[in-house]
Amino acid sequence: MADRSQHLGQIMETQTRYDLNAAIENWRQELAVQPNLTAEVRRELETHLRDAIAGFQQRGLNDEESFRMACKTIGQLRQIGKEFKENKIFPMNKRAIGFGAGYGLVMGLVMFLIGLWLAYRPGSVFIQPFLLLNAPAIGLTSRLHDESYNWFSNAGLSQLLAAFLIYWSLLGFLSGFGSHILMQNRKTPKHN
Amino acid sequence: MYKTAMLTKDLVAASSKPLLLSILAGGESYGYEIIQKVRELSGGQIEWSDGMLYPVLHRLERDGLIESEWKEADTGRQRKYYFISSDGRKVLKTERQQWLTVHNTLGKLWKHKPVTI
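The structure presented is a predicted model; accordingly, all values stated were derived computationally and were not measured.

**Student:** Just checking my understanding: could you explain the overall build of chain B for this structure?
**Tutor:** The helix and strand inventory of chain B stands at four helices and three strands. Reading chain B from its N terminus to its C terminus gives the helix and strand order α-β-α-α-β-β-α. Counting the 117 residues in chain B, one finds 34% classified as buried. Look at the contacts in chain B between residues 6 or more apart in sequence, and 49% of them connect residues 24 or more apart. Of the accessible surface of chain B, which amounts to about 7,600 Å², a share of 56% is contributed by carbon and sulfur atoms.

Listed below in structure tokens is the structure:
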């Protein structure tokens, strides 16, 4: 008798288990279409779902109820995806800063060398655009000393180089940050 | 009998960091276990939507406050375990001081009026 009921129980269990697996598979498919969720996060969430199902089963709920409750406690997958998307804002800012710094080093150095080259070519057509492009850096740096200061000394040249590097890295940072903000605004869906 | 209100959304958001860091300071853990622990310790008053735990955990990991590792549990199921980093311990210390400041200030204000929540 005990054997028989156990056997019956087993049959029922395998039958419901089959349904449970199908339900989990459906849930996984819904999970897979969520943007912003990496494969690792999806795996984590699935483990969580399975743990939660086991937890409810232990409390005596049947497979279907356990699955339903587990889904409910995990919450809206779309909402989780949204939250993960917001996580990304910071690394983007960091990227913008990194972009700015790299951009600044390269552009600052290039501009500095162009400046040196132009210094030996008075009357060049490039002087005017160069001064215009670097006006803030040159203008602010030139205020540091009076007119008799020798900008071609080591100290003078390093001050100019520093000014160019700072100016261009600032520009790089601002453009990186600006494009980030634009992208954010474009991607953010309207709140309902 | 007294009735307690559920934590507001703002409070849940603000307290999640010290809660998670404190739990992990007591030993490594994984998402499901962390949720169970919070539920148990708060007497069910702090109810997180389970899935929302993961963005927070990943944020803490990104900020270097916790670290993680996939490991096989006794059941044979692979789980992602989280543990606190040394930076996390430092942040927890400041968080702790700040929450205690709030707690003590409110405690002084309410001293003569026992509060039934």
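**Student:** When you look at the sheet that holds strand β2 (residues 66-72) of chain B in this model, what are you seeing that I'm missing?
**Tutor:** Strand-to-strand pairing in sheets goes through backbone hydrogen bonds, with the strands running parallel or antiparallel. All names here are of chain B. Ordered by their spatial adjacency, three strands build an open sheet running β1-β3-β2, and the pairing between neighbours is antiparallel. Each having just a single partner strand, β1 (29-30) and β2 make up the two edges of the open sheet. Along the sheet, helix α3 (residues 53-62) makes contact with β2 and β3 (78-84), crossing β3 at roughly 50°.

**Student:** Could you clarify how one ought to interpret the interface of chain B and chain A in this entry?
**Tutor:** Interface extent is often summarised as the accessible area lost during association of the parts. Across the contact, 20 residues belong to chain B and 22 residues belong to chain A. Across the chain B to chain A interface the summed buried area is about 2,000 Å²; carbon plus sulfur atoms make up 53%. Considering only the surface of chain B that becomes buried against chain A, Y32, R62 and W70 of chain B emerge as the three largest contributors, covering 31% of it. Between the two partners, chain B and chain A, sit four salt bridges. A salt bridge links K80 of chain B to E44 of chain A; its shortest N-O distance comes to 3.7 Å. On the surface where chain B and chain A come into contact, there are 11 residue pairs in polar contact (both at pLDDT 80 or more). Among the residues forming the side of chain B that touches chain A, the class breakdown is eight nonpolar, six polar and six charged.

So, how was this worked out
- Think of each chain on its own: its residues are numbered from 1, step by step along the sequence as written.
- For naming, the first written chain is A and the first written ligand is 1, with later ones following in the order written.
- Local features in this predicted model are restricted to residues of pLDDT 70 or higher, and side-chain atom pairs are both shown and tallied only at a pLDDT of 80 or more, whereas totals for entire chains, interfaces and linings draw on every residue.
- Side-chain figures throughout are based on the complete set of non-hydrogen atoms in the structure, without hydrogens or water.
- Numbering goes from the N terminus for both helices and strands, where a helix is a DSSP run of H or I of at least four residues and a strand is a run of E of at least two.
- Relative accessibility under 20% of the residue-type maximum defines a buried residue, over 50% an exposed one, and the middle range a partly exposed one, all with a 1.4 Å probe and only protein chains included.
- Two residues qualify as a contact provided that any one of their heavy atoms is within 4.5 Å of a heavy atom in the partner residue.
- Surface exposure here means Shrake-Rupley accessible area, sampled with a 1.4 Å probe, where a residue is shielded only by the protein chains that are shown.
- We call two strands paired when DSSP finds no fewer than two bridges between them.
- Lines are fitted to the C-alpha atoms to define the axes, a helix being fitted only along its stretch in contact, and any angle between axes, read from their N-to-C directions, falls within 0 to 180 degrees.
- We define buried area as the total accessible area lost by two parts upon association, computed with a 1.4 Å probe and summed across both.
- One speaks of a salt bridge when a side-chain nitrogen belonging to Lys or Arg is within 4 Å of a carboxyl oxygen belonging to Asp or Glu.
- For the purposes of these results, a polar contact is taken to be a pair of N or O atoms within 3.5 Å, where, inside protein, one atom must be able to donate a hydrogen and its partner to accept one; residues adjacent in sequence count only when each atom of the pair is a side-chain atom.
- Any residue that is not Ala, Val, Leu, Ile, Met, Phe, Trp, Tyr, Cys, Pro, Asp, Glu, Lys or Arg is counted as polar, Gly included; the first ten are nonpolar and the last four charged.

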